[in-house]
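Survey of secondary and tertiary structure
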Amino acid sequence: VEEAAATRETLVSAESRDRADSADEGLAGGVGDLQCREALCHCGAVSIKTWGAPISVSICHCSVCRKLSGAPFVASALFAP
């Protein structure tokens, strides 16, 4: 039982390391295996694409965010350059 648990931990660690290596390669030289996300404005005139996971995601409904956006709340995601 202990051997099976140790083997599983080794496999999980190897998978995590492989994913991290793929992410590093994708950021350094292209998109690699990273997930692509695309956002469009309502009319479709403006679009953006980003790859990888966001560093931070937030939703805010403070008075400053409501005033700046003209909306009841703002959703934002921060990605590494």
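Keep in mind that this is a model prediction, so the values were computed, not measured.

**Brief notes about the overall build of the protein chain**
- Across its full length, the protein chain carries 2 helices and 4 strands.
- Going from the N terminus to the C terminus, the protein chain shows its helices and strands as α-β-β-β-α-β.
- A burial count over the protein chain gives 4% of its 81 residues as buried.
- Look at the contacts in the protein chain between residues 6 or more apart in sequence, and 15% of them connect residues 24 or more apart.

**Considerations on the side chain of T50**
- Take T50: it is sitting in strand β2 (residues 47–51).
- Its relative accessible area of 19% is what places T50 among the buried residues.

**Quick word on the pairing of β2**
- Sheet analysis places strand β1 (residues 36–40) next to β2, joined by 5 bridges and oriented antiparallel. Looking at the pairing, C36 lines up with W51 of β2.

**Focus on the confidence of the model for the protein chain**
- Of all residues in the protein chain, 60% have pLDDT values of 70 or greater, and the mean over the chain is 74.
- In the model of the protein chain, helix α1 (residues 2–29) stands out as the element of lowest mean pLDDT, 48, in contrast to strand β3 (residues 56–60), which has the highest, 94.
- Note that pLDDT drops below 50 for residues 10–17; the model gives that stretch 0 contacts with residues more than four away or on any other chain.

**Brief notes about the environment of R66**
- Structurally, the position occupied by R66 is in helix α2 (residues 63–69).
- Residue class for R66 comes out partly exposed when judged on its relative accessible area of 38%.
- In this structure R66 touches H61, A71 and P72, once residues within four positions along its chain are discounted.

**Quick notes on the environment of E38**
- Its location among the elements puts E38 in strand β1.
- Take E38: its relative accessible area is 52%, and that puts it in the exposed class.
- Note: C-alpha distance between E38 and K49 (11 residues apart in sequence) is 4.4 Å.
- Apart from the residues lying within four places of it in its own chain, the contact partners of E38 are S47, I48 and K49.

**Let's talk about the state of the cysteines**
- Enumeration according to the criterion identifies 0 disulfides in this entry.
- Counting only cysteine sulfurs, C43 is the nearest neighbor of C41, a cysteine outside any disulfide, at a range of 3.6 Å.
- Classification of C41 as partly exposed rests on a relative accessible area of 30%.

Reading the values: rules and limits
Residues numbered from 1 in each chain as written. Predicted model: local features only at pLDDT ≥ 70, side-chain atom pairs only at ≥ 80, totals over all residues. Heavy atoms only, no water. Helix = DSSP H or I, 4+ residues; strand = E, 2+ residues; numbered from the N terminus. Buried < 20%, exposed > 50% of the residue type's maximum accessible area, 1.4 Å probe, protein only. Contact = heavy atoms within 4.5 Å. Pairing = 2+ DSSP bridges. pLDDT = per-residue confidence, 0-100. Disulfide = S-S within 2.5 Å.

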